[in-house]
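Notes for the structure review
These are the residues of each chain, in order.
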Amino acid sequence: MSTTGFTVSTSSRRSLEISLAALIAVGVLVTFWSQQRYPALLKKLHAGAAVKVAGPISFDALLKVTPTMPAPTRVMRTSLNWLYTNRFGMYFALPFGAAMMTLLAGVGMPKRFNSAAGNVLCGAVAGAPMGVCANCATPVGQSLLASGASTRLTVAAMISSPSFNPVVVAMAFVLFPLPLAAMRVVVPALLLIGLPLLVWENDVVVRSIGVAMEGEGLGPRLVALCRTYLRNLLRLTVLTLPWMLLAAVFGALAAELIPAYGTHVPVSVGGVVLVAILGTLLPVPMALDVALAYVLYRAGAPTPYVAVLLCTLGPVSVYSLSALGKQLDWRTTLRLGGAVALLGCVVGFVVMRFPIL
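None of these values were measured; they are calculated from a predicted model.

Turning to the side chain of Ser161, a few remarks are in order. Here Ser161 shows up in helix 6 (residues 151–163). Under the relative-accessibility criterion, Ser161 is labelled buried at 0%. Here the side chain of Ser161 touches Val132 through a polar contact of 2.6 Å, landing on its backbone oxygen. Setting aside chain neighbours within four positions, we find Ser161 in contact with Gly127, Ala128, Met130, Gly131, Val132 and Met286.

This part takes up the side chain of Arg152. Relative to the assigned elements, Arg152 resides in helix 6. With no salt bridge to any partner, buried Arg152 finds its closest opposite charge in Glu201, at an N-O distance of 4.5 Å. Not counting the four nearest positions on each side in its chain, Arg152 is found in contact with Ala116, Asn119, Val120, Leu195, Pro196, Val199, Trp200 and Glu201.

Bringing the packing of helix 11 (residues 269–281) against helix 13 (residues 303–312) into the picture now. One can describe the packing of helix 11 onto helix 13 by two numbers: an axis separation of 8 Å at closest approach and a directional angle of 25°. What the angle tells us is that helix 11 and helix 13 run roughly parallel. Classified by chirality, the crossing of helix 13 by helix 11 is right-handed. Across the interface between the two elements, Gly271, Val272, Val275, Ala276, Gly279 and Thr280 from helix 11 touch Tyr305, Val308, Leu309 and Thr312 from helix 13. Its residues assigned to classes, the contact of helix 11 with helix 13 comprises six nonpolar, four polar and no charged.

Right, let's talk about the pattern of salt bridges for a bit. With the rule as written, the count across this model stands at one salt bridge. Between Arg184 and Asp289 there is a salt bridge, with the nearest N and O atoms lying 3.1 Å from each other. Taken together, the positions of Arg184 in helix 8 (residues 178–193) and Asp289 in helix 12 (residues 288–298) put the pair 105 residues apart, joining distant regions of the chain. For the residue pair Arg184 and Asp289, the accessibility class agrees, reading buried in each case.

Our next topic: the confidence of the model for the protein. For the protein, the average pLDDT comes to 84, and 87% of its residues sit at 70 or higher. Least confident of the elements in the protein is helix 1 (residues 2–47), whose mean pLDDT is 75; most confident is helix 8, at 96. Note on residues 1–12: pLDDT under 50 across the span, and zero contacts to partners over four residues away in sequence or across chains. Below pLDDT 50 for its whole length, residues 206–214 participates in 36 contacts with residues either more than four positions away or in separate chains.

How each quantity is defined
Residues numbered from 1 in each chain as written. Predicted model: local features only at pLDDT ≥ 70, side-chain atom pairs only at ≥ 80, totals over all residues. Heavy atoms only, no water. Helix = DSSP H or I, 4+ residues; strand = E, 2+ residues; numbered from the N terminus. Buried < 20%, exposed > 50% of the residue type's maximum accessible area, 1.4 Å probe, protein only. Polar contact = N/O pair within 3.5 Å; in protein donor to acceptor, adjacent residues only side chain to side chain. Contact = heavy atoms within 4.5 Å. Lys, Arg positive; Asp, Glu negative; His and termini not counted. Salt bridge = Lys/Arg side-chain N within 4 Å of Asp/Glu carboxyl O. Axes fitted to C-alpha atoms, helices over the stretch in contact; angles between N-to-C directions. Parallel < 35°, antiparallel > 145°, perpendicular 65-115°, else oblique. Left-handed = near helix turned anticlockwise from the far one by under 90°. Nonpolar A, V, L, I, M, F, W, Y, C, P; charged D, E, K, R; others polar. pLDDT = per-residue confidence, 0-100.

See below:
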């Protein structure tokens, strides 16, 4: 009896903090969706065949990059352009992730289903409308893992956000022939189906900073909540920033030192494998997988290479894989990245054997 009474009392005392954390999360989400993400995605969709990319791994070009520049200069500028393009996603991901850490730790219950299928399905459904790329989904995923959420649910949401966003899927079907667009949907679907074999479920361990219970008055409770939220925001930023900078440099190196992603060489089995690995690792912003693949397709790049990039650029990146490896284990990263690259290779081999066009 005493245990039950304590639980009810604690839940009642936490109600204000939980409600405010939920309000912050919803406010950040609605602002991001209505003011930036969906207007930008719909603009790209309406552009249709006129869609353009300003850089090899970015939609926006803060700094001009020309082939005559020295390689270090091109890499530095391309890195900064990538960071600039991802700024809005991170403006959303970090505050939203900190709010989720505060909220879920305050709720104090397991954030998972008993079945692997339930966790994967829930993550896929929740991630699809989120509207962030694999890079910007990573801080949100880190916050969920730190709050004790299911590993499979979290990874499914991180994959689903760039892969199954309805606007991006519509772009693929508008720009590409039906077989290529269908492959763009089938590959991440197969990845999600195989997720229980690729990602082990974690234990229910909450490592985030929960909602503080200091003080009884309204003022002290609000101050404690603000401190908790800011600590979670700082922790998430520290977890995220180094890997984001590493991803920017890696992506810039790959994009600038491998002309046109290697698509100007004759189609071969080795070429398909290399393009699949590159597509798996490149950290591209939201919808750039479809736009960049279409630019290469329109420029006459070999269709097998275009198909491979179309299917591998979105689901994961060197940033998301590195962060998951750090927070979970590196074997999970290798299995997940290897599965994406393998599926990309299968797509490339199928298109080589049965030409789409």
